[in-house]
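# Breakdown of the fold
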Amino acid sequence: MPTLLLQHAERVVTMDATRREIADGAVLLDGRRIVAVGTTSELGGVADEVLDVSGCVVMPGLVNTHHHMYQSLTRTLPAAQDAELFDWLQALYPLWARMTPPMLRVATRVAMAELLLSGCTTSSDHLYLYPNGCRLDDSIEVAQEMGLRFTATRGAMSLGRSQGGLPPDSLVEDEAAILRDMQRTVERWHDPGHGSMVQVALAPCSPFSVSRELMRETARLARSLGVRMHTHLAESATDVAYSRERWNMSPAEYAESLEWLGPDVWHAHCVQLDAAGIARFGASGTGVAHCPCSNMRLASGIAPVPAMLARGVPVALGVDGSASNDGADLLAEARQALLLARVGAGPAALSARAALELATLGGATVLGRSDIGVLAPGMAADVAAFPVDGLAAAGHHDPVAALVLCAPPAARHVVVQGRLRVRDGVLLDVDTIALAREQRQCAAQLRLSA
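Residues numbered from 1 in each chain as written. Predicted model: local features only at pLDDT ≥ 70, side-chain atom pairs only at ≥ 80, totals over all residues. Heavy atoms only, no water.

Within the chain one finds 16 helices and 17 strands. Computed over the C-alpha atoms, the radius of gyration of the chain is 21 Å, within 12% of the 22 Å expected from 2.2 N^0.38 for a compact globule of 450 residues. Across the 450 residues that make up the chain, the buried fraction comes to 61%. Taking as baseline every contact in the chain between residues at least 6 positions apart, the subset at least 24 positions apart corresponds to 75%. Summing over all exposed atoms, the chain offers an accessible surface of approximately 15,700 Å²; the carbon and sulfur share of this is 53%. Averaging the positions of the 37 positive and the 48 negative side-chain charges in the chain gives two centres separated by 2 Å. (Helix = DSSP H or I, 4+ residues; strand = E, 2+ residues; numbered from the N terminus. Rg over C-alpha atoms; globule rule 2.2 N^0.38 Å. Buried < 20%, exposed > 50% of the residue type's maximum accessible area, 1.4 Å probe, protein only. Contact = heavy atoms within 4.5 Å. Areas by Shrake-Rupley, 256 points an atom, 1.4 Å probe, with all protein chains shown as cover. Lys, Arg positive; Asp, Glu negative; His and termini not counted. Charge placed at Lys NZ, Arg CZ, Asp CG, Glu CD.)

Here it is, written out as structure tokens:
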């Protein structure tokens, strides 16, 4: 396999066990794995291809642990611009019900392009509705085309409005069919091996869109298949009120009662997780995908991330859907995580380096991956180089902190599985202008069909 050397980095941030940072650093890749990490003088400057990354901070590729990629079709919808979670969903369900497989593929391609350009090399996606023949396979096949490492979650909604759920009956599925397709998708696509490019998790959408029985049966199926589990939990005050009114339980108590706590589970948001819930999560090793931009956009509140970290809860970042963010820039998400934590808990609540750790090693931990999130020999060859030599960071005294405290830059170079996907800020093999045009056409078609 060809070798690739990134050299003369202003700083290499390894995220290894000692959190080593290397000035005039270099990273040598041999095909799909990292071979060596050190100074430029140590690594010798010899490879099949050499990239000069002067003026850049080089890091592990960023890891996104919660997204709804199909939602890039419905950004900035006027009826949903100023709504809280439940009203926002009810405004969008009718449009999402008209999505077709070609629309899903375009929307997913756009979301993945955005992520790659922001330095993200691994992403999960929570696809929980399947109108008009859409399948999770559509998203997985796009990920393979785009060269993005992917955790596809087979989501589901089964509890329609007529049964006390939030979504319209037209968008829910039969529970037996859901479980069959979950098993089919895992058996068809899930690769548990080192450096896997596709993994599958099982992900009923939320307490207000699936039954208790489906939650419990999904947990048992996931554990029998050896895959992870994901859902939304405690996202907003209305979410908590629904749980209290329907089951007389807090969201964490509800999750525990259905076998949805453990090191193989991660929940999105957890904005309204109480102290007892945080303790349950910490004791069980249950992970959290923190989505600060979406939480602010929908006025859901401030997730208690410092308290979670203090109790040993694995925490990562997610951009969430592009109808509630409305973008997909994971480095910007790290900045917002830092700022929001400080608004909630003071100026020392989350440091710049801790925010970057959430976006790398934290994401790897929450997704159950020991082969990404760190620059070290033997790890998967996922690397992002961010420039800190432009106007936005001019005069900085700490290049690593500048990535978060200054305006977040777009990635200069991005490598996934040893393959350059972004070079000099340009996404390779993708005509982004044509892609944006196609996305606009799909969004217009969706809107006009309403």
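It is worth spelling out helix 2 (residues 85-96) at this point. Along its twelve residues, helix 2 runs 16 Å from first to last C-alpha, staying within 8% of the 16 Å computed at 1.5 Å per residue. Every buried residue belonging to helix 2 is among Leu85, Phe86, Trp88, Leu89, Leu92, Tyr93, Leu95 and Trp96, and all of these are buried. Down the axis of helix 2, the buried set is contained in an arc of 165°. They therefore lie on one face. Those residues of helix 2 hidden inside the fold are in contact with helix 7 (237-247), helix 10 (292-297) and helix 16 (432-448). A side-chain oxygen of the first residue of helix 2 lies 3.1 Å from the backbone nitrogen of phenylalanine 86; this N-cap is glutamate 84. (Expected span 1.5 Å × (residues − 1). Arc of directions from axis to C-beta. Polar contact = N/O pair within 3.5 Å; in protein donor to acceptor, adjacent residues only side chain to side chain.)

Here we take up the pairing of strand 15 (residues 413-416). Burial along strand 15 is two-sided: His413 and Val415 facing one way and Val414 and Val416 facing the other are all buried. For strand 14 (residues 383-387) and strand 15, the ladder comprises three bridges, and the chain directions are antiparallel. The residue bridging valine 383 from the neighbouring strand is valine 415, located in strand 15. Note: strand 15 against strand 16 (residues 419-423), three bridges, orientation antiparallel. Paired with valine 414 across the bridge in strand 16 is valine 422. The loop that links strand 15 with its antiparallel partner strand 16 comprises two residues; one of these, glutamine 417, has a positive phi angle of about 55°. (Pairing = 2+ DSSP bridges.)

What the rule picks out here adds up to eight aromatic pairs. With 5.8 Å between their ring centres and 75° between their planes, tryptophan 88 and tryptophan 96 make a pair best called edge-to-face. With a relative accessible area of 4%, tryptophan 88 lands in the buried category. Overall, tryptophan 96 belongs to the buried group, its relative accessible area being 1%. (Phe/Tyr/Trp six-rings, centres within 6.5 Å; stacked < 30°, edge-to-face > 60°.)

Packed helices, taken two at a time, are described by the angle their axes make and the gap between the axes. One can describe the packing of helix 5 (residues 175-189) onto helix 6 (residues 212-225) by two numbers: an axis separation of 11 Å at closest approach and a directional angle of 20°. The pairing of helix 5 with helix 6 is recorded here as roughly parallel in orientation. Every pair of crossing elements has a handedness; the one defined by helix 5 and helix 6 is right-handed. Contacts from Glu175, Ile178, Leu179, Met182, Gln183 and Val186 of helix 5 reach helix 6 at Glu213, Leu214, Glu217, Thr218, Leu221 and Leu225. Considering only residue class, the contact of helix 5 with helix 6 consists of seven nonpolar, two polar and three charged. (Axes fitted to C-alpha atoms, helices over the stretch in contact; angles between N-to-C directions. Parallel < 35°, antiparallel > 145°, perpendicular 65-115°, else oblique. Left-handed = near helix turned anticlockwise from the far one by under 90°. Nonpolar A, V, L, I, M, F, W, Y, C, P; charged D, E, K, R; others polar.)

Our next topic: the pattern of salt bridges. What the rule picks out here adds up to 25 salt bridges. Taking the shortest distance from any N to any O, the salt bridge between aspartate 138 and arginine 105 comes out at 3.1 Å. A residue pair is termed long-range when its members are at least 10 positions apart, and aspartate 138 in helix 4 (residues 136-146) and arginine 105 in helix 3 (residues 101-117) qualify at 33 residues. Judged by relative accessible area, which is 9%, aspartate 138 ranks as buried. Because the salt bridges share partners, they merge into one network encompassing Arg135, Asp137, Arg154, Glu173, Asp181 and Arg184. (Salt bridge = Lys/Arg side-chain N within 4 Å of Asp/Glu carboxyl O.)

Turning our attention to the environment of aspartate 174. As for its placement among the helices and strands, aspartate 174 is situated in the loop between strand 8 (149-156) and helix 5. Separated by 3.0 Å, the side chain of aspartate 174 and the backbone nitrogen of alanine 177 make a polar contact.

This part takes up the nonpolar core. Ranked by size, the top nonpolar core spans 124 residues in total, and within it Trp88, Leu89, Trp96, Phe281 and Leu403 carry the most contacts. Per-element accounting of this core gives the leading share, ten residues, to helix 3. Residues contacting phenylalanine 281, with those up to four places away along its chain left out, are Leu233, Ala252, Leu261, His267, Cys270, Leu273, Thr286, Gly287, Val288 and Val313. Core analysis: the second largest hydrophobic core is formed by 23 residues, Val37, Val58, Leu375 and Val415 among them. (Core = buried A, V, L, I, M, F, W, Y, C linked by side-chain atoms within 4.5 Å.)

Bringing the side chain of histidine 269 into the picture now. Structurally, histidine 269 can be placed in strand 11 (residues 265-269). Those residues in contact with histidine 269, other than ones at most four positions away along the chain, are His66, His232, Leu233, Glu235, Val288, Ala289, Cys291, Ser294, Asn295, Ala303 and Asp320.

A few words now on the packing of helix 3 against helix 16. The geometry of helix 3 relative to helix 16 is characterised by a closest axis approach of 10 Å and an angle of 135° between their N-to-C directions. With respect to helix 16, the axis of helix 3 lies oblique. In this structure, the crossing between helix 3 and helix 16 has a hand that is left-handed. On helix 16, the residues touching Met103, Val106, Ala107, Arg109, Val110 and Ala113 of helix 3 are Leu435, Glu438, Gln439, Cys442, Gln445 and Leu446. Per-class residue counts for the contact of helix 3 with helix 16 are eight nonpolar, two polar and two charged.

Another aspect to go through is unusual backbone geometry. Cis geometry is adopted by the peptide bond preceding aspartate 326, which originates at asparagine 325 and carries an omega value of 5°. Phi at glutamine 417 takes a positive value of approximately 55°, unusual for a residue other than glycine. Checked against the element boundaries, glutamine 417 lands in the loop between strand 15 and strand 16. Judged by its relative accessible area of 15%, glutamine 417 is buried.

Once that is clear, we can look at helix 4. Residues lying three or four places apart along an α-helix face the same way, a consequence of the helix completing one turn every 3.6 residues. The buried count for helix 4 comes to eight of eleven residues, which makes it a mostly enclosed element. Residues Leu136, Asp137, Asp138, Ser139, Ile140, Val142, Ala143 and Met146 constitute the buried set of helix 4. Of the residues trailing helix 4, glycine 147 is marked for its positive phi of about 75°.

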